[in-house]
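One-letter residues, chain by chain:
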Amino acid sequence: MNETLKTNAGTINFSWKKTIWLYLMMLSIIFIDFSIIGWHDFIINFCLLFLTVGIGHSVGLHRGIIHKSYKTTKGFRKISLYLFVLTGLGNPLNWLKQHYFRDYWQNRKDCPRYFQYKHSLITDYFWNLHLTFIPKDLNRYNIPEEDLSDPTLLWLSKTWHVNYIAFMAIFYFLLGINSMLVATCLRTTIIILGHWYIGYASHKYGYSRHKIKGADESGYNDVLLGLISFGEGFHNNHHSYPTSAKFSSKWYEIDFGWMLVWLLSKLKIIKNVKTQDANLKPSAIPHKTVIWKLPKF
Ligand SMILES: [Zn+2]
Ligand SMILES: [Zn+2]
């Protein structure tokens, strides 16, 4: 392991699974004939983005299951986890655990280098997309037992690739190979790289309204990245109010994830929605004025 990455908290290993999956998705793009992409491909992929990234990742796994920012039915929990798998981001249980590890360390001053953002974009590309953290002591992260032993999470953690490949096969039979590659390999590549870049950028530049007391990272907001990421790019807001289902706090912060939460609560699919007004974390200290940080890669 690289010397700078050494930590007593656990080991940071090269992940063959993560790496092979990423390059398999990326390389398959060369087989796409871009000249025959039609309107139906745009419409299908637009809908798939809302379902998989919006409902599966942002609303389902991130706001609902990880941060428990609302209550929902078992059925919706299952559907959202399945939709997360169709993002192609990987094993949902592993994503849940890694989120707990990141939050735990970023909220402390003794944060290991792997979880800090003191490195360049290129370094982050390698660290974030090719390495994985294996903790020495899982208990310190207080991951709820109900999640670690959740049957759907456990089942999908073993079968996520089979489910993804089954989805590919259905697509292939219905719409042919070109549309299938666009809706799977190309879409997943954009999602993986987009998620990675937004995660990096939202710790490096943007504006922030709060500082988290005693934390190593407080994150930044970015109007454009927030808009294209279902609100995930309003990262300082999210660090400040982690249990809020609403990542936006001003009219110009367009949070499609929050719109989906609002819609699902109107449809009575989710309830007891928490927002920042109700649960201001005492450790989130407002700045006197908004702080800006310019991009530096
Ligand atoms: Zn989070
Ligand atoms: Zn963060």
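Everything discussed here concerns the structure shown above.
Remember, predicted model here, so these are calculated numbers, not experimental data.

Chemist: Where do I start with the overall build of the protein chain in this structure?
Modeler: A tally of helices and strands in the protein chain yields 10 helices and 6 strands. Compactness check: the protein chain gives a C-alpha radius of gyration of 19 Å against a globular reference of 19 Å for 297 residues, within 12% of the reference. Expressed as lengths along the three principal axes of its C-alpha atoms, the size of the protein chain is roughly 55 × 50 × 40 Å. Classification of the 297 residues of the protein chain by burial places 36% in the buried group.

Chemist: How do you make sense of helix α4 (residues 92-106) when you look at a structure like this?
Modeler: Because each turn of an α-helix spans 3.6 residues, side chains separated by three or four positions end up pointing in the same direction. Between its first and last C-alpha atoms α4 spans 21 Å; for 15 residues at 1.5 Å apiece the expected length is 21 Å, and the two agree. Among the residues making up α4, those that are buried are P92, L93, L96, K97, F101 and W105.

Chemist: Please explain the environment of L49 as it appears in this structure.
Modeler: The residue L49 is located in helix α2 (residues 39-66) in this model. Assessed through the 18 C-beta atoms surrounding it within 10 Å, L49 is described here as partly exposed. As for L49 and F76, which are separated by 27 residues in sequence, their C-alpha atoms are 18 Å apart.

Chemist: Sorry, what's going on with unusual backbone geometry here?
Modeler: Where the residue is not glycine, phi is negative for most of them; where a peptide bond is considered, it is trans in most cases. With phi around 55°, F230 is a residue other than glycine that occupies positive phi space. Phi is positive for K268, close to 65°, though the residue is something other than glycine. Locating K268 in the fold gives a position in the loop between α10 (256-266) and β5 (270-271).

Chemist: Which parts of the structure should I look at to understand the packing of α2 against α4?
Modeler: A pair of packed helices is captured by two measures, namely the crossing angle of their axes and the spacing between those axes. Packing of α2 against α4 leaves a shortest axis separation of 11 Å and a crossing angle of 50°. In terms of orientation, α2 and α4 fall into the oblique class. Of the two elements, α2 crosses α4, and the hand of that crossing is right-handed. Contact residues: α2 offers L61, I65 and I66, while α4 offers P92, W95, L96 and H99. Of the residues that constitute the contact of α2 with α4, the class distribution is 6 nonpolar, 1 polar and no charged.

Chemist: Even after reading the chapter, I still don't get the packing of α4 against helix α7 (residues 151-201), so can you show me in this structure?
Modeler: In the contact formed by α4 and α7, the axes pass within 7 Å of each other and the chain directions differ by 110°. Between α4 and α7, the interaxial angle falls into the category roughly perpendicular. The segment α4 lies against α7, with P92, L93 and N94 engaging L153, L154, L156, S157 and W160. Residue classes in the contact of α4 with α7 are distributed as 6 nonpolar, 2 polar and no charged.

Conventions adopted
Residues numbered from 1 in each chain as written. Chains lettered and ligands numbered in written order. Predicted model: local features only at pLDDT ≥ 70, side-chain atom pairs only at ≥ 80, totals over all residues. Helix = DSSP H or I, 4+ residues; strand = E, 2+ residues; numbered from the N terminus. Rg over C-alpha atoms; globule rule 2.2 N^0.38 Å. Buried ≥ 20, exposed ≤ 12 C-beta atoms within 10 Å, placed from the backbone. Expected span 1.5 Å × (residues − 1). Axes fitted to C-alpha atoms, helices over the stretch in contact; angles between N-to-C directions. Parallel < 35°, antiparallel > 145°, perpendicular 65-115°, else oblique. Left-handed = near helix turned anticlockwise from the far one by under 90°. Contact = placed C-beta atoms within 7 Å. Nonpolar A, V, L, I, M, F, W, Y, C, P; charged D, E, K, R; others polar.

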